[in-house]
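Inside the fold
Chain by chain, the residues:
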Amino acid sequence: MIRLVPRTRPSLLLQAGTSILAVLLTLLFGMIMFALLGNPPFEVLSVFLTSPLSSLFDISDLLVKAGPLILIALGLAVGYRANIWNIGAEGQFLLGSIFGMGAVLALGNPATIWAVPIVLIAGAVGGMLWAAIPAALRTAFNASELLTSLMLVYVAQQLLYFMVNQVWKNPLSFGWPETVELNEALQLPALIDGTGIHAGLIIVVTIAAVLAILTFRTTFGYRMRMAELTPKALRFAGFGEKATIWISLLLSGGLAGLAGAIELSATFEKLNDQFSLGYGFTAIIVAFLGRLNPIGIVLGGLLVGFTFVGGDWIRVSHGINDAAADVFQASLLFFVLACDLITRYRVQWVGHGHQKRVPAE
Amino acid sequence: MKGLKAVLASAAAAVSLTAFGPASAQDDPFRVGYIYVGPISDHGWSYQHDQGRLAVEAHFGDQVETQYVENVAEGPDTARVLRQLASSGVDMIFATSFGFGDSVIDMAEQFPDVYFEHATGYQRADNVATYSGRFYEGRTILGNIAGQLTETNQIGYIASFPIPEVVRGINAFAIELRRVNPNAEVDVVWVNTWYNPSLEAEAATALIDQGADIIVQHTDSPAALQVAEERGVYAFGQSSDMIAFAPDAQLTAIVDDWSQYYIDRVQAAMDGTWASTDTWDDIDAGMVFMADYTNMPDNVAQDAEALEHAIVAGQRHPFQGPIYAQDGSEIVAEGQVLDDQSLLTMDYFVEGVTGSMPN
């Protein structure tokens, strides 16, 4: 029998050691898999590990992928610390994009950069409203936010299809389900010419910094971290249970909605039915990779962005099947999280001989 | 121990291989990349494009090197994969789905020396050509067969996106269906995807449950045919001959054959005679052909063959009047045919189609 005993104080050395172990295990797993698939394992691995940082374009791709993941995960982590399980960020992300597009069209798709903040705020409001539904159901009827937030993802997807197919369809799109393109002034500009590194990433970094300061440098953050240590904490220190539910869901929904509006303005530049790329779900992994800690989440988001770009590259360079690329990508996350367990728990082997026997009657 | 030694030996061999680099290639083969919206194992649309790619390899041998990336999402991810292909030294790229269009145009601008070809698209540039097949000719033949074989007079039609390509196929089918059988109706279900076998199968099941006894599809996998086979109704293969998946259910299939086009275009690019063209080839040109007519009485098969010959000979046009809209008003008068421009922008249903554009 195996028993996991929590460590009181995970040592830094152990944390560093297990991270390295996770990477090594991933590499070993990847080599075996690629070799079995008939590819040169070292070549494939070196492409996976070097290509995401090999050019400005690839770094740009990495950051563009990491941006929404980080922003969504930052919000989710706040709730997860208090055991509020919003797993419907994908839906809140989509509502953010829909509200953002609604603002664009309501303003007449204006050629002024000053409308951009309105579009982004509209997105955040959309995400908050969508997250308010599970919050209300939880506080009023004690309905599990885990189920309600997830179910609302599917409703959000149908709403998106309806908007792009019926209400906002671009008459010049030849029937393709998409809206008109945002006026160029409303598209978040590139920070470096010719790349996809866009101004929305500044917002992501700023919010991460604010949340990091809040968590580590304020009494509120200190109390919040303490609250997390108590078993089944369902409240932030200083707040009641209901307030904690509302704060968690509105904050995570708002940030997911903001991420949707940023994606609309910076990368898609229009709303279409392919808008749901699963960022809201992947962000859950990012939140845990980052140990629900703002700085960790930034690093976790970058790591996942890295695996997206590396995974695409091995498909292009060696014709690796996309499913195999996904498995490899996922194996890295799996090993990181599995090794994380070792840093936080001691594994105790409990042999049969030591088990106390209940005397038979 | 032996096992461990073997692993170590192969690892050492792999290390030395990387250390010395791969064997140098013969003088720079012309490199061609393909991106597919589904997996090549869809046995439909993407599979047929990959068959075309293999034909290019077989034809040119060492002169050409090809590669493909499958399951590429239509959206910002398209641009990333295109850029990775172009920046890794590919000379020519075939992008084989409608939704890749915007990304193709963007990347063609960034990589002016790469030849781009976009299947079923409408946007061209100096280094972007478009190509497609007149699949709707095949749809007319399907309509003829379905009109004769249906007993419930209800045809289930699994549609992907309401783009002119798909709408045109539905209408070509419905016009001939109603000409043969004025009581038959086409029930359209939109699945908002090109490739999603479980959704396609669900749609087929729902249509059969509602009384459809023939299934037509404009999606990429054989999932609907497999459902038809199980439920004992008829269906048509799409893009590829899918008889292996439904030996008792497939009546025929509209097969896309891209081989000749791909060989010609690669040759033109290598020769420097490539130009940004818009190709729309038909059954006569060989870009589209019909699989064997199976599982139907001889007289129906003969009618289908006769219609196929009439279309090839130009005696029959899939969109010749009279054609009526859903509300019964006349769209095309007797003796007239729709021109290509009208076909390329088609956004309405004809009489006989129930249901509306998707929501």
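Residues numbered from 1 in each chain as written. Chains lettered and ligands numbered in written order. Predicted model: local features only at pLDDT ≥ 70, side-chain atom pairs only at ≥ 80, totals over all residues. Heavy atoms only, no water.

1. A closer look at the overall build of chain B
Scanning chain B from terminus to terminus reveals eleven helices and 15 strands. The C-alpha radius of gyration of chain B comes to 23 Å, within 12% of the 21 Å expected for a compact globule of 359 residues. Dimensions of chain B along its principal axes, counting C-alpha atoms only, are 70 × 55 × 40 Å. When the 359 residues of chain B are sorted by exposure, 56% land in the buried category. For chain B, restricting intrachain contacts to residue pairs at least 6 apart in sequence, the fraction spanning at least 24 positions comes to 67%. For chain B, the accessible surface area stands at approximately 14400 Å², while carbon and sulfur atoms represent 48% of it. (Helix = DSSP H or I, 4+ residues; strand = E, 2+ residues; numbered from the N terminus. Rg over C-alpha atoms; globule rule 2.2 N^0.38 Å. Buried < 20%, exposed > 50% of the residue type's maximum accessible area, 1.4 Å probe, protein only. Contact = heavy atoms within 4.5 Å. Areas by Shrake-Rupley, 256 points an atom, 1.4 Å probe, with all protein chains shown as cover.)

2. Some remarks on a nonpolar patch on the surface
All names here are of chain A. Among the surface-exposed residues, Ile2, Leu4, Leu21, Leu341, Ile342, Val347 and Trp349 lie close enough to one another that they form a single nonpolar patch of about 670 Å² accessible area. Contributions of two or more residues to the nonpolar patch are made by strand E1 (2-6), helix H12 (322-344) and strand E2 (345-349). Within the secondary structure layout, Leu4 lies in strand E1. (Patch = residues over 30% accessible without salt bridge, like charges linked within 9 Å, V, L, I, M, F, W, Y side chains within 5 Å. Salt bridge = Lys/Arg side-chain N within 4 Å of Asp/Glu carboxyl O.)

3. A word on helix H11 (residues 294-318) of chain A
Residues and elements named next belong to chain A. Taking 1.5 Å per residue as the helical rise, H11 with its 25 residues ought to reach 36 Å, and the 36 Å between its terminal C-alpha atoms agrees with that figure. A side-chain oxygen of the first residue of H11 lies 2.8 Å from the backbone nitrogen of Ile295; this N-cap is Asn293. Directly after H11, the chain includes Gly319, whose backbone phi takes a positive value near 60 degrees. (Expected span 1.5 Å × (residues − 1). Polar contact = N/O pair within 3.5 Å; in protein donor to acceptor, adjacent residues only side chain to side chain.)

4. A word on a negative patch on the surface
A cluster of like negative charges, contributed by Glu181 and Glu184 of chain A together with Asp106 and Glu109 of chain B, occupies part of the molecular surface. With respect to the element layout, Glu109 of chain B can be found in helix H4 (residues 101-110). With a relative accessible area of 67%, Glu109 of chain B lands in the exposed category. (Lys, Arg positive; Asp, Glu negative; His and termini not counted. Charge placed at Lys NZ, Arg CZ, Asp CG, Glu CD.)

5. Observations concerning the domain arrangement of chain B
All names here are of chain B. What the domain assignment reports for chain B is domain 1 (27-133 + 258-281) and domain 2 (136-248 + 287-354). For domain 1 and domain 2, the distance between their C-alpha centres works out to 28 Å. Listed as interface residues are 19 residues of domain 1 and, on the opposing side, 19 residues of domain 2. The three residues of domain 1 that bury the most area against domain 2 are Asp42, His43 and Trp280, which together make up 36% of that side's buried surface. Along the contact surface separating domain 1 from domain 2 lie zero salt bridges. (Domains from an automatic or database assignment. Buried area = accessible area lost by both parts, 1.4 Å probe.)

6. Some thoughts on the interface of chain A and chain B
Counting residues at the interface gives 30 residues for chain A and 36 residues for chain B. Across the chain A to chain B interface the summed buried area is about 2900 Å²; carbon plus sulfur atoms make up 57%. The largest per-residue losses of area from chain A upon contact with chain B belong to Phe174, Trp176 and Val316 of chain A, which jointly make up 25% of the total buried on that side. Here chain A is connected to chain B by four salt bridges. Its salt-bridge partner being Asp312 of chain A, residue Arg80 of chain B comes within 2.5 Å of it at the nearest N-O pair. At the boundary of chain A with chain B, the tally comes to nine residue pairs in polar contact (both at pLDDT 80 or more). Those elements giving two or more residues to the side of chain A that touches chain B turn out to be helix H2 (41-50), helix H3 (56-81), helix H6 (145-167) and H11 of chain A.

7. What about the environment of Ala324 of chain A?
Residue and element names in this part refer to chain A. Along the chain, the position of Ala324 falls in helix H12. Residue class for Ala324 comes out buried when judged on its relative accessible area of 8%. Once residues lying within four places of it in the same chain are set aside, the contact partners of Ala324 are Met33 and Leu37.

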